[in-house]
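This is what each chain is made of:
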Amino acid sequence: CKCPVDVLRKRDMKKIYARADIGEISNLSGVSGPYEEPEKPEVVVETHQESVEESASRIVKTLEVLNLAPSVEGGNDYSEAEEAEIRDRLAALGYL
């Protein structure tokens, strides 16, 4: 999941970021602790740019492509370019 910290702060119903700001929570990734983005993730969902349904669909499709979940009937929500990108990423990771 990928999302800017300022958006995460706005969504933060439990006030975790506010607590990190005043020192109640230490080593919160992206705030008081480091965050290292994965170099070659199997799937990236940008939750600030897509709906929950779009993100979930992207994750499920990747699980299907990796044969970690059975295919769901009803078609393909990815364009040919997106399918090619998924195949290239999976090949780069050694899955294909």
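Residues numbered from 1 in each chain as written. Predicted model: local features only at pLDDT ≥ 70, side-chain atom pairs only at ≥ 80, totals over all residues. Heavy atoms only, no water.

Chemist: Please explain the overall build of the chain as it appears in this structure.
Modeler: Helix and strand counts for the chain come out as four helices and zero strands. Listing every helix and strand of the chain by position from the N terminus yields α-α-α-α. Taking 2.2 N^0.38 as the reference for a compact globule, 96 residues should give roughly 12 Å; the C-alpha atoms of the chain span a radius of gyration of 17 Å, well beyond that estimate. The 96 residues of the chain split such that 18% are buried. Partitioning the contacts of the chain with sequence separation of at least 6, the portion at a separation of at least 24 is 38%. Element-wise, carbon and sulfur atoms account for 52% of the exposed surface of the chain, whose accessible area totals about 7300 Å². Seen as two clouds, the 12 positive and the 20 negative side-chain charges of the chain have centres 6 Å apart. (Helix = DSSP H or I, 4+ residues; strand = E, 2+ residues; numbered from the N terminus. Rg over C-alpha atoms; globule rule 2.2 N^0.38 Å. Buried < 20%, exposed > 50% of the residue type's maximum accessible area, 1.4 Å probe, protein only. Contact = heavy atoms within 4.5 Å. Areas by Shrake-Rupley, 256 points an atom, 1.4 Å probe, with all protein chains shown as cover. Lys, Arg positive; Asp, Glu negative; His and termini not counted. Charge placed at Lys NZ, Arg CZ, Asp CG, Glu CD.)

Chemist: Mind showing me how you'd approach the layout of surface pockets here?
Modeler: Take a probe with the size of a water molecule and roll it over the atoms, and the empty space left behind shows itself. Space inside the largest pocket adds up to approximately 260 Å³. The dominant element in the lining of the largest pocket, judged by the number of residues it contributes, is helix 1 (residues 5–11), at three residues. Residues that form the lining of the largest pocket fall into these classes: seven nonpolar, three polar and three charged. Within this model, the second largest pocket holds a volume of roughly 220 Å³. Glu42, Val43, Val44, Glu46, Glu50, Arg58, Thr62, Tyr78, Glu82, Glu85, Ile86 and Arg89 are the residues that line the second largest pocket. Where the lining of the second largest pocket is concerned, the elements lending two or more residues are helix 3 (52–65) and helix 4 (80–92). Counting residues per element, the lining of the second largest pocket draws most heavily on helix 4, at four residues. In the lining of the second largest pocket, the residues fall into four nonpolar, one polar and seven charged. (1 Å grid on protein atoms, 1.4 Å probe; cavity = no way out; pocket = protein on both sides within 12 Å on 5 of 7 lines; lining within 4 Å. Points joined across faces, edges and corners; volume = space filled by probe spheres on them. Nonpolar A, V, L, I, M, F, W, Y, C, P; charged D, E, K, R; others polar.)

Chemist: Got a minute to help me understand helix 4 in this structure?
Modeler: Within an α-helix, residues lying three or four positions from one another point in the same direction, as the helix has 3.6 residues per turn. With 13 residues, helix 4 extends 18 Å between its outermost C-alpha atoms, agreeing within 8% with the 18 Å of an ideal straight helix rising 1.5 Å per residue. Taken together, the buried positions of helix 4 are Glu83, Ile86 and Leu90. The buried residues of helix 4 occupy an angular sector of 60° when the element is viewed end-on, so they sit on one face. Turned more than 90 degrees off the buried face of helix 4, the exposed positions are Glu80, Ala81, Asp88 and Ala92. At its buried positions, helix 4 is contacted by helix 3. (Expected span 1.5 Å × (residues − 1). Arc of directions from axis to C-beta.)

Chemist: It is not clear to me how the pattern of salt bridges should be interpreted in this structure. Could you clarify?
Modeler: Between side chains of opposite charge, a pair can form when the charged atoms approach closely. One pass over the full model with this rule turns up seven salt bridges. Lys2 is the salt-bridge partner of Glu37, the closest N and O atoms lying 3.7 Å from each other. Of this pair, Glu37 sits in the loop between helix 2 (16–21) and helix 3 while Lys2 is found in the segment before helix 1, placing the two residues 35 residues apart along the sequence. A salt bridge links Glu50 to Arg58; its shortest N-O distance comes to 3.6 Å. Exposure remark for Arg58: the relative accessible area of 22% places this residue in the partly exposed category. Three or more residues joined by partner-sharing salt bridges are found here, namely Glu50, Arg58 and Glu82. (Salt bridge = Lys/Arg side-chain N within 4 Å of Asp/Glu carboxyl O.)

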